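# Structural characterization, general
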Amino acid sequence: MFRTKKRLLACSILAAMGGLLLVPTVQAGDVTGLLADPATGKPLAGATIAIAATGQSVQTDAAGHFVLKDLPAGHYTLSVAAGASRSLTATVDVPQQGTVTAVFNTATSLTKITVAANRYDASQLQMDATNTVNVLSADDLKYTAVHNVAEALGLLPGVNVFNTGQSYFGGIDGASRGEGMFTSVRGLNAEYNVNLINGVDVAQGMAYSRGVQLSLLPPSGLQTIVLNKTSTADMDGDAIGGTIDFRTPTAFDFSAPTSGSITASGRVESRARDYGDNGLGGGLAGQFQTKLGSAQQFGIYASAYYDSRNYVNSEAAAATAALGDGTWEFARTTASGNNAAGFDPQRNLESTGMYMGTSSGYTHRYGGNVALDWKVDDTLTTYARMSYAYAKTEQDTTYLQLIPANVTYAPIGSTGLYQPMIGRIATRFWYETNPEKADLGTLQLGADKNVGGWTFSPNLFYSWGHNDRPDHVEISARNDEYSSANFPYGASTLMSYGANGFPYPMLTPAMAAQFNSVSTLYARRAGELTESYSGQEKGGAKFDARYDFNDGALTSLQMGVKYIDSHREFTNRDWTTGKYTDERSFGSLGLIDGYYTSVFPGVYSYDVPTINQAALKRLIAANVVPGDLDTCSNLYINNWNCNTQRANEAVSSAYAMATFKWGDLEVIPGMRFEHTDIRNNFWVTPQDASGNELPGYFAKNFTHYDEPLPSVFVNYRPSDGAVYRGAIWTSYTRPAFVQLGGGSQVNVSADGLTTINEGNPDLKPIESLNIDLSGEWSNQHGGHAMLAGFYKKLSNYIYEAGSNPVNAGTIDSGSVQYIKPMNGGDGRVYGIEAAVRQKFQDMPAPLDGFGVGFNLTGQHTSVDLGMAGFHNERIQNAPDLMANGELFYEKNGFSVNLSYHYAGSYISTYDYLGQGAPWDDLWVRPMTRVDLHAGYAFYDNFQVDLSISNLTKNYSYWSHVGKNNLALSDIVDSGMTTLVTVKYSF
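In this text, all values refer to a predicted model and were calculated from it rather than measured experimentally. (Residues numbered from 1 in each chain as written. Predicted model: local features only at pLDDT ≥ 70, side-chain atom pairs only at ≥ 80, totals over all residues. Heavy atoms only, no water.)

## Quick notes on the overall build of the protein chain
- Counting secondary structure elements, the protein chain contains eleven helices and 55 strands.
- For 986 residues, the compact-globule formula gives about 30 Å, and the C-alpha radius of gyration of the protein chain, at 30 Å, lands near that figure.
- Projected onto its principal axes, the C-alpha positions of the protein chain cover 100 × 65 × 55 Å.
- Of all 986 residues assigned to the protein chain, the portion counted as buried reaches 57%.
- Long-range pairs, those at least 24 residues apart, make up 71% of the contacts in the protein chain between residues at least 6 apart in sequence.
- For the protein chain, the exposed surface amounts to about 37500 Å²; the carbon and sulfur share of it is 57%.
- Across the protein chain, 66 positive and 92 negative side-chain charges occur, with their mean positions spaced 2 Å apart. (Helix = DSSP H or I, 4+ residues; strand = E, 2+ residues; numbered from the N terminus. Rg over C-alpha atoms; globule rule 2.2 N^0.38 Å. Buried < 20%, exposed > 50% of the residue type's maximum accessible area, 1.4 Å probe, protein only. Contact = heavy atoms within 4.5 Å. Areas by Shrake-Rupley, 256 points an atom, 1.4 Å probe, with all protein chains shown as cover. Lys, Arg positive; Asp, Glu negative; His and termini not counted. Charge placed at Lys NZ, Arg CZ, Asp CG, Glu CD.)

## Side note on the packing of aromatic side chains
- What the rule picks out here adds up to 40 aromatic pairs.
- Between Tyr482 and Tyr522, the ring centres sit 5.0 Å apart and the planes meet at 90°, which makes this aromatic pair edge-to-face. Placement of Tyr482 in the loop between strand 27 (454-478) and strand 28 (495-497) and of Tyr522 in strand 30 (residues 522-523) is noted, with a sequence separation of 40 residues between them.
- Ring centres of Tyr547 and Phe549 lie 4.7 Å apart, and the angle between their planes is 75°; on these two criteria the pair is classed as edge-to-face. (Phe/Tyr/Trp six-rings, centres within 6.5 Å; stacked < 30°, edge-to-face > 60°.)

## With respect to helix 7 (residues 318-325)
- Every buried residue of helix 7 is accounted for by Ala318, Ala319, Ala321 and Ala322. Looking straight down helix 7, one finds that the buried residues subtend no more than 165° of arc, so they occupy a single side.
- In the segment just after helix 7, Gly326 is the residue with positive phi, at about 65°. (Arc of directions from axis to C-beta.)

## Quick look at the pattern of salt bridges
- Under the criterion given, the structure shown has 35 salt bridges.
- Its salt-bridge partner being Arg186, residue Asp772 comes within 2.8 Å of it at the nearest N-O pair. Linking Asp772 in strand 41 (residues 766-778) with Arg186 in the loop between strand 11 (182-185) and strand 12 (194-197), this pair joins segments that are 586 residues apart in sequence. Of the two residues examined, Asp772 and Arg186, each falls in the buried class. (Salt bridge = Lys/Arg side-chain N within 4 Å of Asp/Glu carboxyl O.)

## With respect to unusual backbone geometry
- Here the residue pair Asn486 and Phe487 is connected by a cis peptide bond, since its omega of -15° sits within 30 degrees of zero.
- For Phe487, the location among the structural elements is in the loop between strand 27 and strand 28.
- Ala845 connects to Pro846 through a cis peptide bond whose omega is 0°.
- Counting through the fold element by element, Pro846 comes out in the loop between strand 45 (827-839) and strand 46 (850-863).
- Phi is positive for Gln296, close to 50°, though the residue is something other than glycine.
- By secondary structure assignment, the location of Gln296 is in the loop between strand 17 (280-292) and strand 18 (298-317).
- The residue Asn796 is not glycine, and still its phi comes out positive at about 60°.
- Inspection of the secondary structure puts Asn796 in the loop between strand 42 (783-795) and strand 43 (809-813).

## Observations regarding the side chain of Glu890
- Counting through the fold element by element, Glu890 comes out in strand 47 (residues 881-891).
- Excluding its chain neighbours within four sequence positions, the residues that come into contact with Glu890 are Arg119, Tyr120, Tyr143, Arg837, Lys839, Gly849, Ser895 and Asn897.

## Some thoughts on the sheet that holds strand 9 (residues 133-136)
- Pairing is mixed across the open sheet formed by five strands, whose spatial order is 9-14-15-12-13. Since the sheet does not close on itself, it has two edges, and those belong to strand 9 and strand 13 (200-201), each with one partner.
- By the bridge criterion, five bridges tie strand 14 (residues 224-228) to strand 15 (residues 243-247) in an arrangement that is antiparallel. For Val226, the partnering residue across the bridge sits in strand 15 and is Asp245. (Pairing = 2+ DSSP bridges.)

## A few points about the pairing of strand 45
- Judged from the twelve bridges that link them, strand 42 and strand 45 form a sheet pairing that is antiparallel. The residue bridging Ala788 from the neighbouring strand is Glu833, located in strand 45.
- Two strands pair when backbone bridges link them, and strand 45 and strand 46 are joined in this way by 13 bridges, in the antiparallel orientation. Directly across from Glu833, in strand 46, lies its bridge partner Thr857.

## Regarding the side chain of Thr327
- Counting through the fold element by element, Thr327 comes out in the loop between helix 7 and strand 19 (328-330).
- In terms of polar contacts, Thr327 uses its side chain to reach the backbone amide nitrogen of Ala322, at 3.1 Å.
- The residues touching Thr327, leaving out its near neighbours within four places in the chain, are Ala318, Ala321, Ala322, Glu350, Ser351, Thr352, Gly353, Leu402, Ile403, Pro404 and Leu968. (Polar contact = N/O pair within 3.5 Å; in protein donor to acceptor, adjacent residues only side chain to side chain.)

## Quick notes on the nonpolar core
- Leu402, Phe429, Phe586, Leu591 and Tyr604 are the most contacted members of the largest nonpolar core, which has 49 residues in total.
- For this core, the elements supplying multiple residues, two or more each, are strand 18, strand 21 (354-377), strand 22 (380-405), strand 25 (424-433), strand 27, helix 8 (509-515), strand 34 (608-611) and helix 9 (613-623).
- Considering each element in turn, this core owes the most residues, four residues, to helix 9.
- If we skip the residues at most four places from it in the chain, Phe429 touches Thr398, Tyr399, Leu400, Gln401, Ile475, Ser476, Ala477, Val518, Leu521, Phe586, Pro609 and Ile611.
- Membership of the second largest hydrophobic core comes to 37 residues, among which are Ile172, Phe570, Val924 and Val972. (Core = buried A, V, L, I, M, F, W, Y, C linked by side-chain atoms within 4.5 Å.)

Bear in mind that shape data such as this cannot, by itself, settle questions of function.
Here it is as structure tokens:
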């Protein structure tokens, strides 16, 4: 049904486009007018009046008078920038012959102007905005070698880009794809942000999270990204971090009646070349727009893209091995192996094993956007927007594994201290596929109708998104499958470390030889198959009304209502085949189709096999039977349903806000109210008093939230080149669905105590009181600056924990004991952001093309997780310091940009090893990256660009257990990416 709706929509759009082609053209007339400053009434001399639809412009004379000649008959919008504090627009109907007079009125800019072609347009949008925003223009997106829009957002102050999460491609698995996936804004994780495409709330298809995987969206096909760091009453209230609006163009954003472009690109990834693979990729994109009708009142815009990348990245995974196989010890211990008294536990950590591996695969993406606009008359504009993005990723991870066994604790002389002694080391091989199919689409229909001083804006919208892992396969081989003899070791540690903290295992010759002969290891089983599907569909309607007053301090009154209804579904099922008992070798399975001669080029020189995907699928298909289903229980019906969750969420909201102006001072009070109803369906797995599993059943729970969200915004604009803002506003974030309605396990003990592990529908939303102060300045000499300070007071904090219950607590109710996720305590976030960009255009040629830009963010986060010992933790994925710097040259069609990016250390996962204390949090080391772009525009329609990301080939990910210890580290080397694009415009 859903796919049928999409096909019908596409057919309708094509039919509408075909019908519009039949509209004829007509004759021409003139437009005249007198332009005055609405604040003073004085004539505006030398102002430029432009018509975007035709590309024509004219300047006013000394008396503010202007004439635009020989315009084709029809309806037009004239615009003029009258300073940073306002923009002026006028609408006219040009007759077939004769003259019409234009009358200009003050207009808001950010809500009407949706795109920014260059960085100067972006700066003007920021200056004109009512709230604090950052804007990325089309040039910002073009001048980088980023893989996707998540990485593009990292150019903005206050934004941290991270390349892994807590879902089924979390940890080093996600990071080893070598691209940014998610963003945190002003210290708040991805699920604290609202993501929009052309103003539509996008579906949240991620498993276990309300976050959106932004790596799905390429930077092509977008014209502007607007990051709202404060929320006025007319915006969704569930954005404690920020609201990110990805905007695509319409035909009326282009000056020419008809235009378009075709872009071809090619890329190469250096790390894949290090392995002997080609690492090649490329893409093709195009866009087209035209305006039709007697007055060019019909606008059509369409874009489409396809791109691909092929990668092979390197992994060193000691932290992952410590979590998965217990490959860690304390260097100085008690007789039982606990941390010795007087030693800092995190500094006392040592690694007793690790994984070394490769992450290889590809990502293919395609999608596009369509915008249809019809300016029916002076008072009515209608529009339709559609966007779609699809990404298919194949990721194959190969690990050579070192696993300790027979660890004992030997005394160190007469000190009373002990140290671990590793009895033997098992050498193993492990392989997994981590495929993903993801899509994200939006559709909206709307209109703007002016009646007197009123503007009415109805809108219908729909969005869908999926993040599926349809056939995840794991398979392994071991040297100790049938024997516990190999390989004897007898040392207290396995690792030595280089000057940079990189781990180097100290292998015996026999262990090294076995690593170079994976084919002779014993095959463990035919494999394990996991199928996961996660998606959401959401749709709704909103209606906004605004009344503009002609005089007095009250300049406008705005109100509106909105309703969103969404359905969420997640399933996960797992089949594990039986173990082999005939001592067959891994090589005999027929899966190996080649080798990389170095598992980690330049570091570890052991051979590692590549796996034939077709042979692996045949092996799984031939061996998996229904009885292998073992998702989380013993009974088939429970295994089929235990990891299935469905949720329906309905959000109703209403708001009112007013705008008062006294000279240069603007005050905007507002109130928003949001009511949420959530119904979760989940599977209950019961047991009887003897511990026997019983057939389960689906159950429901319900959650309701009522959130009043007052706000006050104050803006002071003493001149065209300055604006000062202050805001106090409130916001909240609803808990993840899995925390509200996760599956339930019921256990009855012999003494009659019933213990129920399940989600908690009584979880409170995370609430925040926010304060923002900022100033922005621009000059007429190519400069712009911004300084902002922010503070957030959080309540009922909940962190991202994937499928695990957050802050699990026990609630006793007589003979029934509940173990549920629980809210944490309070928290706070505060910081300062600064940004400067200056082009030295007043210097003598050719130095007038040079310029510099930088932004800097310092922030502090502190939250109470609600668990003993975790009352003063940093927020996940929130560095204390972030910075971007740029040196650029732009002149005569030539551009060069050298940029530097820095993100400080941050916590990725709390209590990583489950030790019940914050010393074993998983931290991510500071990351730096240098990028280079060079481009040249030939004539007016041909552009060539070269972009290089990570020019110095720094490691793209390095996490470690404990803030001050690198002993248990996960490291990813994804090398350098080079991108060449050629664009032809017509």
